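# Architecture at a glance
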Amino acid sequence: MQKITKSQLSLRNGQDKEEVWVAFEGKVYDMTKSRLWRDGKHYQHWAGQDLTPEMKDAPHTAFVFDKFDPIGELED
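### Description of the overall build of the chain
For the chain, the count of helices and strands is 1 helix and 6 strands. Put simply, the chain runs from its N terminus to its C terminus through helices and strands in the order β-α-β-β-β-β-β. Relative to the globule expectation of 11 Å for 76 residues, the C-alpha radius of gyration of the chain, 11 Å, shows essentially globular dimensions. Each principal axis of the C-alpha atoms in the chain carries an extent, and together these give about 30 × 25 × 20 Å. Per-residue burial over the chain gives 32% buried out of 76 residues. Considering only contacts within the chain whose residues lie at least 6 apart along the sequence, 66% involve residues at least 24 apart. With an accessible surface of roughly 5300 Å², the chain has 48% of that area assigned to carbon and sulfur atoms. The chain carries 11 positive and 14 negative side-chain charges, and their two centres are separated by 4 Å.

Next comes the structure, spelled out in structure tokens:
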């Protein structure tokens, strides 16, 4: 699996580049085709970042990521 830097992730925010990527627990997911991430936004969350710390406040569990295949691993 490819390594993705935080800089590369931050550019895939639906604004700077068309891709919409988010990270969770060290994995990077492509949410570009998800209707819930239109324009790089999902409620009060923004694409291009690691959402791991924000999951505790989400109205759903981490199992939501099971619907998507990771495209890479986030480098520290």
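### What to know about unusual backbone geometry
Excluding glycine, residues mostly have negative phi values, and the peptide bonds linking residues are mostly trans. One non-glycine residue with positive phi stands out, namely Glu25, at about 50°. Residue position: Glu25 is located in the loop between β2 (21-24) and β3 (27-30). The class for Glu25 is exposed, based on a relative accessible area of 59%. The backbone phi angle of Tyr43 is positive, close to 55°, even though this residue is not glycine. Here Tyr43 is to be found in the loop between β4 (41-42) and β5 (45-46).

### Brief notes about the pairing of β3
Note: β2 against β3, 4 bridges, orientation antiparallel. Each bridged residue has a counterpart across the sheet, and for Val22 the counterpart in β3 is Tyr29. Between β2 and β3, which pair antiparallel one after the other, the connecting turn spans 2 residues, and Glu25 there sits at a positive phi close to 50°. For β3 and strand β6 (residues 70-74), the ladder comprises 3 bridges, and the chain directions are antiparallel. If you follow Tyr29 over to β6, its bridge partner there is Pro70.

### Some details on the confidence of the model for the chain
For the chain, per-residue confidence averages 91 on the pLDDT scale, and 99% of positions sit at 70 or higher. Per-element averaging of pLDDT across the chain places β4 at the bottom with 88 and β6 at the top with 98.

Procedures and definitions
- Residues numbered from 1 in each chain as written.
- Predicted model: local features only at pLDDT ≥ 70, side-chain atom pairs only at ≥ 80, totals over all residues.
- Heavy atoms only, no water.
- Helix = DSSP H or I, 4+ residues; strand = E, 2+ residues; numbered from the N terminus.
- Rg over C-alpha atoms; globule rule 2.2 N^0.38 Å.
- Buried < 20%, exposed > 50% of the residue type's maximum accessible area, 1.4 Å probe, protein only.
- Contact = heavy atoms within 4.5 Å.
- Areas by Shrake-Rupley, 256 points an atom, 1.4 Å probe, with all protein chains shown as cover.
- Lys, Arg positive; Asp, Glu negative; His and termini not counted.
- Charge placed at Lys NZ, Arg CZ, Asp CG, Glu CD.
- Pairing = 2+ DSSP bridges.
- pLDDT = per-residue confidence, 0-100.

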